[in-house]
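Now for the letters of each chain:
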Amino acid sequence: MLNILKKNYQFFIFLLFYFFIGAYLSIINGITSDEYHQQLNWEVHQSAIINFFKNGNYDELLSHGDKYQGVAFNLITQPFSIILNKFVSNLNDLSTYGGWLVAKHAAIFLVFSISGIFFYFLSYKITNNLIFAFISSLLYLLYPYLFGHAQFNEKDIPFLSFWLINTYISLTIIESLFLEEKINNSKVILLSFLTAFLIGIRIVGLLICFQYLISIVVLFNIKKIDINDFIKKNWKFFLIFTISLFIFIYILNPIFWHNPLVESINSITVMSKYWNEICTLTLGTCMNSFNLPSSYYFIWLFFKLPILIIIGILLFPFVEKKIFNETPASIYYLTLLISFFLILFIFILKNVAVYDELRHVLFLVPLIFLIGLTNLFYFNKKLFIGLGSLVIFFFFLENFSLYPYQYTWLNSFAKFTNIQKNFEIDYWGVSNKNLAKKIVQYAKENSINKDTCVYGDIFAKEFLVRKNFTCFKTYSQLDEAKKKPLFAYKNLRNVKRSDPKDCKLIWNETYNYSFYKKKISVGTVWFCS
């Protein structure tokens, strides 16, 4: 692996700058609506684990509403919070708790940056071309949609990253089987651990086992392997993988400790129909997470994937003969292609509860990314280099103009619609930091008493308590407010609610897409006197 990087040191240099700049941007970002719940979930699990080892009891976890939410990635984020929370608090004038939450952003971005290395490896394995690997990896890492999520999404980005890492390791094992090379037991155990870690983040990680199976089926078809002979030669590896996988899954999922079989089934059942019923604005229609039409996925993919990728996908009929051959590269390509569509079909068939556009299938995006880019490369290498370089430059511009709202990024097709009315805008509320700044500024300029209540999201306190504000309530409580003056800010899904009555608009938080005239409003601040 390291030899591949040494051949293209430019990518390594880029990655260093990319990580430090991206990590810094992540720790000066806002706090998303998910972060409080993820931290609370970890604290309940942590307390239950301690009690379990002290007295063998963890009723606290068994009665917890989100007991099936995986906490494996918290094992990585918590050390970052311990080390960086004071620095982050001082950097952003945040409360101690706010600093603890935001410090985790650096860990999320680190893991995403590492996933870029494995994306690079996969790109090279499929084409055996360093230029393709370099350009493709830059497109992946700079893609505003993923870059934006990598700033703070502590569930879906780690899951995507470990899915990609597992994909690469598993395919290198399959390649060794194809070439009849020796496979180290340590590599098999590593894959089992990382697979269990993936499942420990989200139980849907079990689906990667289907991907492993697809790789083996593709291997059989390309090399014409006799199944009986294959089993005789490799049964030990499958046994080692299976036993160690079950052990690691058990260790990394505390809820399984008292009844592994029942709780694993419950986990799949509960998380596939997660209780958080939400309506996601999709091309002007509010689609309910409990009853999604199959078109939901394809609408969002059409408007979220870069047009370059969509073009690449459409080129498949023109390049399939160049790609499909009896080589390991074909195994890599076919595994990604079949896995993407099979897993998407499973989500549709099982009517899995999905909301906030594509966040729950975000892990599939790198797979279709590689498929589209590979198709374009084999169609015309010069065209790939030219268009790829142009899109990289475009991504730089979009990341700059959209920050910190890149996670809401839509491709240029969306610019022919009214984005504000047709799609979700800042559904995670990272606007809270900038909105809080405007409250501080207005209060200072107009000598407003700091005891004035602020009606906003649940994180208003974290940004304002160090500025001596003392009263914080949620925006939903505004209708019951009797005491004035007060501040109110609308963000998250509240941004689509009616404006507060008899109040003065003091700030409209907006951002601009390139080549799109209309400003996108993600939040407003009001003063009610």
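Note that the structure is predicted; figures quoted are calculated from it, not measured.

Can you walk me through the overall build of the protein in this structure?
Within the protein one finds 22 helices and 7 strands. By the compact-globule yardstick of 24 Å for 529 residues, the protein fits well, its C-alpha radius of gyration being 24 Å. Considering only C-alpha atoms, the protein reaches an extent of 80 × 65 × 45 Å along its principal axes. Here the protein holds 529 residues, and the buried ones make up 57% of them. If you take every contact in the protein between residues at least 6 apart in sequence, the share linking residues at least 24 apart comes to 75%.

What's the story with the sheet that holds strand S4 (residues 472–474) in this structure? I'm lost.
Backbone-to-backbone hydrogen bonds join strands into a sheet, with any given pair of strands oriented parallel or antiparallel. Spatial ordering of the open sheet is given by S4-S3-S5-S7-S6, a layout of 5 strands whose pairing is mixed. Since the sheet does not close on itself, it has two edges, and those belong to S4 and strand S6 (504–511), each with one partner. Sheet twist, expressed as the average angle between the axes of neighbouring strands with direction ignored, equals 20 degrees. Here strand S5 (residues 486–490) pairs with strand S7 (residues 520–528) via 5 bridges, running antiparallel. Paired with tyrosine 489 across the strands is valine 525, a residue of S7. Where helix H21 (residues 432–445) meets the sheet, its contacts fall on strand S3 (453–456), S5, S6 and S7, and the angle it forms with S5 comes to roughly 155 degrees.

Please explain the packing of aromatic side chains as it appears in this structure.
Geometry of an aromatic ring pair is reported as the spacing of the ring centres plus the angle between the planes. Counted by the stated rule, this structure contains 62 aromatic pairs. Geometrically, the ring pair formed by tyrosine 120 and phenylalanine 121 is edge-to-face, given 6.3 Å between the ring centres and 70 degrees between the ring planes. Both residues of the pair, tyrosine 120 and phenylalanine 121, count as buried. When the ring of phenylalanine 193 is compared with that of phenylalanine 248, the centres are 5.2 Å apart and the planes differ by 85 degrees; the resulting orientation is edge-to-face. With phenylalanine 193 in helix H10 (residues 185–201) and phenylalanine 248 in helix H12 (residues 227–252), this pair connects stretches of sequence that are 55 residues apart. In textbook terms, an aromatic cluster arises when at least three aromatic residues are bridged by ring pairs, as seen for Phe112, Phe119, Tyr140, Tyr143, Tyr145, Phe369, Phe394, Phe395, Trp409 and Phe515. Of note, lysine 438 hangs over the ring of tryptophan 507, and the distance from its end group to the ring centre comes to 4.0 Å.

Please clarify how the environment of lysine 236 should be interpreted in this entry.
Looking at the secondary structure, you find lysine 236 in helix H12. Taking relative accessible area as the criterion, lysine 236 reaches 53% and is therefore assigned exposed. For the pair lysine 236 and asparagine 185, spaced 51 residues apart in the sequence, the C-alpha separation amounts to 9.2 Å.

Help me understand the state of the cysteines, please; the structure alone is not making it clear to me.
In protein chemistry, a disulfide is the covalent bond that joins the sulfur atoms of two cysteines. Across all of its chains, the model carries 3 disulfides by this definition. Each disulfide pairs two cysteine sulfurs, and for cysteine 279 the partner residue is cysteine 286, the sulfurs being separated by 1.7 Å. On the accessibility criterion, cysteine 279 (28% relative accessible area) is partly exposed. Paired by a disulfide, cysteine 453 and cysteine 471 hold their sulfur atoms 1.7 Å apart. With the S-S bond torsion at 70 degrees, the cross-link from cysteine 453 to cysteine 471 turns out right-handed. Separated by 18 residues along the polypeptide, cysteine 453 in strand S3 and cysteine 471 in the loop between helix H22 (460–464) and S4 bring together distant segments of the chain. No difference in accessibility class separates cysteine 453 from cysteine 471, as the two residues are buried. Described in terms of the sequence order of its bonded cysteines, the disulfide pattern of the protein is 1-2, 3-4, 5-6.

Mind showing me how you'd approach the pairing of S3 here?
The alternating pattern of S3 places Cys453 and Tyr455 on one face and Val454 and Gly456 on the opposite face, and all of these are buried. Where S3 meets S5, 3 bridges bridge the pair, whose relative direction is parallel. Within S5, the residue paired with cysteine 453 across the bridge is leucine 486. As paired elements, S3 and S4 share 3 bridges and run parallel to each other. Its bridge partner lying in S4, valine 454 is registered against phenylalanine 472.

Got a minute to help me understand the environment of leucine 91 in this structure?
Relative to the helices and strands, leucine 91 is located in helix H5 (residues 74–92). As for leucine 91 and isoleucine 27, which are separated by 64 residues in sequence, their C-alpha atoms are 8.6 Å apart.

How should I be thinking about unusual backbone geometry in this particular structure?
Glycine aside, negative phi is the norm for most residues, and most peptide bonds take the trans geometry. The step from tyrosine 403 to proline 404 runs through a cis peptide bond, and the omega angle for that step is 5 degrees. The linkage connecting lysine 484 with the following residue, proline 485, adopts the cis geometry, with an omega of 10 degrees. One can find proline 485 in the loop between S4 and S5. Unlike most non-glycine residues, asparagine 468 shows phi in positive territory, near 75 degrees. Looking at where asparagine 468 falls in the secondary structure, it is placed in the loop between H22 and S4. A residue is classified by how much of its surface remains accessible, and asparagine 468, at 54% relative accessible area, is exposed. If you check the backbone angles, aspartate 502 has positive phi at about 55 degrees while not being a glycine. Note on placement: aspartate 502 falls in the loop between S5 and S6.

Explain the pattern of salt bridges here, please?
A side chain with one charge may pair with a side chain of the opposite charge, provided their charged atoms come close. Enumeration over the complete set of coordinates arrives at 13 salt bridges. Taking the shortest distance from any N to any O, the salt bridge between lysine 415 and glutamate 398 comes out at 3.8 Å. Separated by 17 residues along the polypeptide, lysine 415 in the loop between helix H19 (381–402) and helix H20 (419–422) and glutamate 398 in helix H19 bring together distant segments of the chain. Glutamate 398 shares its class with lysine 415; the two are buried.

In this structure, what is going on with the side chain of aspartate 156? I would like to understand it.
Residue position: aspartate 156 is located in helix H9 (residues 156–179). With a relative accessible area of 2%, aspartate 156 lands in the buried category.

I would appreciate a short explanation of the side chain of glutamine 39 in the present structure.
Within the secondary structure, glutamine 39 sits in helix H3 (residues 33–55). Classification of glutamine 39 as buried rests on a relative accessible area of 2%. Within the structure, the side chain of glutamine 39 is placed 3.1 Å from the side chain of lysine 104, a separation counted as a polar contact. Glutamine 39 has contacts with Gln78, Tyr97, Trp100, Leu101 and Lys104, leaving out every residue within four places of it along the chain.

What is the right way to read the packing of helix H6 (residues 96–127) against helix H17 (residues 328–349) from this model?
Helix-helix packing: each pair is described by the crossing angle between the helix axes and the interaxial distance. Interaxial distance between H6 and H17 falls to 7 Å at its minimum, and their mutual angle equals 125 degrees. Compared by their axis directions, H6 and H17 come out oblique. The handedness of the crossing between H6 and H17 is left-handed. Seen from H6, the contacting residues are Leu122, Lys125 and Ile126; seen from H17, they are Ala329, Tyr332, Tyr333 and Leu336. Each residue belonging to the contact of H6 with H17 can be placed in one class, and the counts come to 6 nonpolar, no polar and 1 charged.

About the criteria used
- Residues numbered from 1 in each chain as written.
- Predicted model: local features only at pLDDT ≥ 70, side-chain atom pairs only at ≥ 80, totals over all residues.
- Heavy atoms only, no water.
- Helix = DSSP H or I, 4+ residues; strand = E, 2+ residues; numbered from the N terminus.
- Rg over C-alpha atoms; globule rule 2.2 N^0.38 Å.
- Buried < 20%, exposed > 50% of the residue type's maximum accessible area, 1.4 Å probe, protein only.
- Contact = heavy atoms within 4.5 Å.
- Pairing = 2+ DSSP bridges.
- Axes fitted to C-alpha atoms, helices over the stretch in contact; angles between N-to-C directions.
- Phe/Tyr/Trp six-rings, centres within 6.5 Å; stacked < 30°, edge-to-face > 60°.
- Lys NZ or Arg CZ within 6 Å of the ring centre and 35° of its normal.
- Disulfide = S-S within 2.5 Å.
- Salt bridge = Lys/Arg side-chain N within 4 Å of Asp/Glu carboxyl O.
- Polar contact = N/O pair within 3.5 Å; in protein donor to acceptor, adjacent residues only side chain to side chain.
- Parallel < 35°, antiparallel > 145°, perpendicular 65-115°, else oblique.
- Left-handed = near helix turned anticlockwise from the far one by under 90°.
- Nonpolar A, V, L, I, M, F, W, Y, C, P; charged D, E, K, R; others polar.

What is shown is where atoms sit, not what they do.
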